[in-house]
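# A look at the structure
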Amino acid sequence: MIYSRVKNRREIMMKIKMIVITVFSIVFSGCNQKSKLTPITPDIITESTLNDTDDPAIWINHKDPSKSIVFGTDKETNGAIYAFDLGGKIIHEKTIRNIRRPNNVDIEYGFKLNDSTEVDIMVFTEREKQQIRMFSVPDMKPLDQGGFKVFEGEIKPEYNLPMGVSLYKSPKNSKVYAIVSRKIGPRDNYLHQYEFTVDSIGVKSKLVRSFGKFSGNKEIEAIAVDDNYGVVYYSDEGVCVRKYYAEPDQGNEELSCFGGDYFYEDIEGIAIANTGDGTGYILVSDQQKGQFNIFDRKDNSFVKAVNLSTVETDGCDVVTANLGDKFSKGLFVAMNDNKNFYFYSLDKVLK
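One structure accompanies this document, and this report is about it. Computed from a predicted structure; not experimentally measured. (Residues numbered from 1 in each chain as written. Predicted model: local features only at pLDDT ≥ 70, side-chain atom pairs only at ≥ 80, totals over all residues. Heavy atoms only, no water.)

Moving on, we get to the side chain of R297. Among the structural elements, R297 can be located in the loop between β20 (291-296) and β21 (302-306). We classify R297 as buried; its relative accessible area is 2%. Among the polar contacts made by the side chain of R297, one reaches the side chain of D226 at a distance of 2.6 Å. Look past the residues within four positions of R297 in its chain and what remains in contact with it is D226, N228, Y229, Y233, I272, A273, N274, G278, T279, G280, Y281 and I282. (Helix = DSSP H or I, 4+ residues; strand = E, 2+ residues; numbered from the N terminus. Buried < 20%, exposed > 50% of the residue type's maximum accessible area, 1.4 Å probe, protein only. Polar contact = N/O pair within 3.5 Å; in protein donor to acceptor, adjacent residues only side chain to side chain. Contact = heavy atoms within 4.5 Å.)

Here it is in structure tokens:
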């Protein structure tokens, strides 16, 4: 009996030891996956939002670039689209509040309201209302009569919760589209593309196509459109960056599924830096590793990774225009998991 008790104690101690080793290995492995690259510090850290930052979008003020605005979503039931100046201060009079869980946001320029009037627009997803919203920028006036419904008629109710959004202005005919992703969706036709039209009543939205593969692994949120090349990229989070034509009449065939081997876990936010003459870069958040992978805009080959010292970045955005002062070489903005956004001079990120 004494031997049996000793044996049982030994077995218990061995089990405890194995549990401790396993936990230690998991923790150590997670720490070991953090970026080892030299961190690049931000030029500006914004003031904090109320809840949970997610995705930024940069609006260039072409009359005075130094007065450009960075918009950023605050993702909660009592959410908001925050407006920040280039110093990271909240512009309260241009912040849109009481939005029901806004996820992603994007900007497009020169949307025709009629033959004589063009406006810049901001579109964002409002997940809990199953819709997207449209506002003019910088006067922040709603153009959507309360919102445009998305993913209507889905068999499964959980398939109609919008997350990602990116705008595409066709170089062929200047039509403006919103490409929208969702929290959960089918293996095919995960994305829906909506065309914005205008009549005597106002702006309308109509579904023009469903497209896009999904691995079934995790989810799809981040979307970015390259207007000049007419292609759309989106993150199939656990697999790769997928690439399709953005023009609805060019077909739904997948052009590429690239980059997956360079990511530790979740593939997240995408930003496209257009450096002119067809050149540039695609910057993609390697979320859990705490860095960004940079790919060539022409052939999507891997260029390098950078550590921007952010934590768990979801969304990001970039402009290459001269915004003056700290951002004369362009601006890169990344969400940081501390209710704020980080601003970087683009040359620090790309050099």
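Moving on: the pairing of strand β14 (residues 220-226). A large share of β14 lies buried, amounting to seven of its seven residues. Both β14 and strand β15 (residues 231-236) contribute to a ladder of five bridges, which runs antiparallel. From the neighbouring strand, A224 faces β15, where its bridge partner is Y233. The antiparallel hairpin formed by β14 and β15 contains four residues in its connecting segment, where G230 sits at a positive phi of about 70 degrees. (Pairing = 2+ DSSP bridges.)

So, about unusual backbone geometry. Omega for the bond connecting V137 with P138 falls within 30 degrees of zero, at 10 degrees, which places this linkage in the cis form. Structurally, the position occupied by P138 is in the loop between β8 (131-137) and β9 (148-149). Unusually for a residue other than glycine, D277 sits at a positive phi of about 55 degrees. Of note, D277 is situated in the loop between β18 (267-276) and β19 (279-286). Judged by relative accessible area, D277 falls into the exposed class, the value being 80%. You will see that N300, though not glycine, has its phi angle at about 65 degrees, which is positive. Tracing the backbone through its elements, the reader meets N300 in the loop between β20 and β21.

What follows concerns the packing of aromatic side chains. Tallied over the full model, the rule gives 19 aromatic pairs. Ring geometry for Y168 against Y177: centres 6.1 Å apart, planes inclined by 20 degrees, an arrangement best described as stacked. When its relative accessible area of 1% is taken as the criterion, Y168 is described as buried. Using a relative accessible area of 4% as the deciding quantity, one classes Y177 as buried. On the basis of an interplanar angle of 55 degrees and a centroid distance of 4.7 Å, the ring pair of Y190 and F214 is categorised as tilted. In this pair, Y190 sits in the loop between β11 (176-182) and β12 (191-198) while F214 sits in the loop between β13 (203-211) and β14, placing the two residues 24 residues apart along the sequence. Pair check on accessibility: Y190 and F214 agree, each one buried. (Phe/Tyr/Trp six-rings, centres within 6.5 Å; stacked < 30°, edge-to-face > 60°.)

Sheet architecture is open: four strands sit in the order β10-β11-β12-β13, paired in antiparallel fashion. With one partner strand each, in any of the chains shown, β10 (162-169) and β13 form the two edges of the open sheet. Between one strand axis and the next, the sheet turns through 25 degrees on average, direction left out of account. Both β10 and β11 contribute to a ladder of six bridges, which runs antiparallel. Residue L167 lies in a different strand from β11, and its bridge partner there is A178. (Axes fitted to C-alpha atoms, helices over the stretch in contact; angles between N-to-C directions.)

Looking at the element boundaries, D347 is found in helix α2 (residues 346-350). For the pair formed by D347 and N189, sequence separation is 158 residues and the distance between their alpha carbons is 37 Å. In terms of polar contacts, D347 uses its side chain to reach the side chain of S345, at 2.3 Å.

With that out of the way, let us pick up the pairing of strand β7 (residues 118-126). The side chains of a regular strand alternate, first on one face of the sheet and then on the other. Of all the nine residues making up β7, eight are buried; the element is thus mostly covered by neighbouring parts of the structure. Sheet topology places strand β6 (residues 102-112) next to β7; seven bridges connect them, and they run antiparallel. Bridged to D106 within β7 is V123. Turn length for the β6-β7 hairpin, with the two strands adjacent in sequence and antiparallel, is five residues. Pairing between β7 and β8: seven bridges, direction antiparallel. Paired with F124 across the two strands is R133, which belongs to β8. Here β7 folds back onto β8, and the loop between the two strands holds four residues, one of which, Q130, carries a positive phi near 50 degrees.

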